[in-house]
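Listed here are the chains, written in short residue letters.
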Amino acid sequence: IRRPPRSTPLYSSAASDVYKRQREVLSRTGTITGDDVVNNAVSAKINNRSVWVTVAEVEPLVTEVKVRVRSSRGTGDLAMAAEVDKQIAIGLVISP
């Protein structure tokens, strides 16, 4: 089984803050297609690619973010996954 390329960084922010930023990034760069509040996951379409972002609390102020991206042909797009991750990180730094 091949897994899609993904980016899995850790952030020193509360999971709720990271979740809010991921929604902002995905809605700004594409169209949100699904929102799973229970599992802190959001799916979206960006440039004809399927994007899935999941947020998980590792410790009280340490949050893991998993970003997966697939093209319409099923191939992974690590560059776009890294870009989505970077936009979430920037949103956490510059937001109040």
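Notes on the side chain of Gln22
Checked against the element boundaries, Gln22 lands in helix H1 (residues 15-29). Overall, the relative accessible area of 0% leaves Gln22 in the buried class. With sequence-adjacent residues up to four places away left out, Gln22 is seen in contact with Asn40, Ala41, Val42, Val53, Thr54, Val55 and Ile88.

Quick look at helix H2 (residues 78-94)
Residues lying three or four places apart along an α-helix face the same way, a consequence of the helix completing one turn every 3.6 residues. Its 17 residues give H2 an end-to-end C-alpha distance of 24 Å, which sits within 8% of 24 Å, the value for a rise of 1.5 Å per residue. Of all the positions in H2, only Met80, Ala81, Val84, Asp85, Ile88, Gly91 and Leu92 are classed as buried. Along the axis of H2, the buried positions cluster into a sector of 140°, meaning they face one direction only. Residues of H2 that are exposed and point over 90 degrees away from its buried face: Ala79, Val93 and Ile94.

Observations regarding unusual backbone geometry
Here the phi dihedral of Asn47 falls at roughly 50°; this positive angle occurs in a residue that is not glycine. With respect to the element layout, Asn47 can be found in the loop between strand E4 (41-46) and strand E5 (49-59). Within the chain, Asn48 stands out as a residue other than glycine whose phi angle is a positive 60°. Examined against the element boundaries, Asn48 turns out to sit in the loop between E4 and E5.

Concerning the environment of Glu59
With respect to the helices and strands, Glu59 occurs in strand E5. With a relative accessible area of 48%, Glu59 lands in the partly exposed category.

Things to note about the nonpolar core
Membership of the largest hydrophobic core comes to 20 residues, with the highest contact counts inside it found for Leu26, Val53, Val65, Val84 and Ile88. Elements supplying a minimum of two residues to this core: H1, E4, E5, strand E6 (62-71) and H2.

Details of H1
An ideal rise of 1.5 Å per residue puts 21 Å on 15 residues; H1 measures up with 21 Å between its terminal C-alpha atoms. Every buried residue belonging to H1 is among Ala15, Val18, Tyr19, Arg21, Gln22, Val25 and Leu26, and all of these are buried. Projected onto a plane normal to the axis of H1, the buried residues spread over an arc of 165° and lie on a single side. In H1, the exposed positions that point more than 90 degrees away from the buried face belong to Ser16 and Arg28. Contacts made by the buried residues of H1 are with strand E2 (10-11), strand E3 (31-36), E4, E5, E6 and H2.

Observations concerning the environment of Leu61
Its location among the elements puts Leu61 in the loop between E5 and E6. Overall, the relative accessible area of 55% leaves Leu61 in the exposed class. For Leu61 and Tyr11, which are 50 residues apart along the polypeptide, the C-alpha to C-alpha distance reads 8.0 Å. Excluding anything up to four places from it in sequence, Leu61 contacts Tyr11, Ser12, Ser13 and Ala14.

Definitions and limits used
- Residues numbered from 1 in each chain as written.
- Predicted model: local features only at pLDDT ≥ 70, side-chain atom pairs only at ≥ 80, totals over all residues.
- Heavy atoms only, no water.
- Helix = DSSP H or I, 4+ residues; strand = E, 2+ residues; numbered from the N terminus.
- Buried < 20%, exposed > 50% of the residue type's maximum accessible area, 1.4 Å probe, protein only.
- Contact = heavy atoms within 4.5 Å.
- Expected span 1.5 Å × (residues − 1).
- Arc of directions from axis to C-beta.
- Core = buried A, V, L, I, M, F, W, Y, C linked by side-chain atoms within 4.5 Å.

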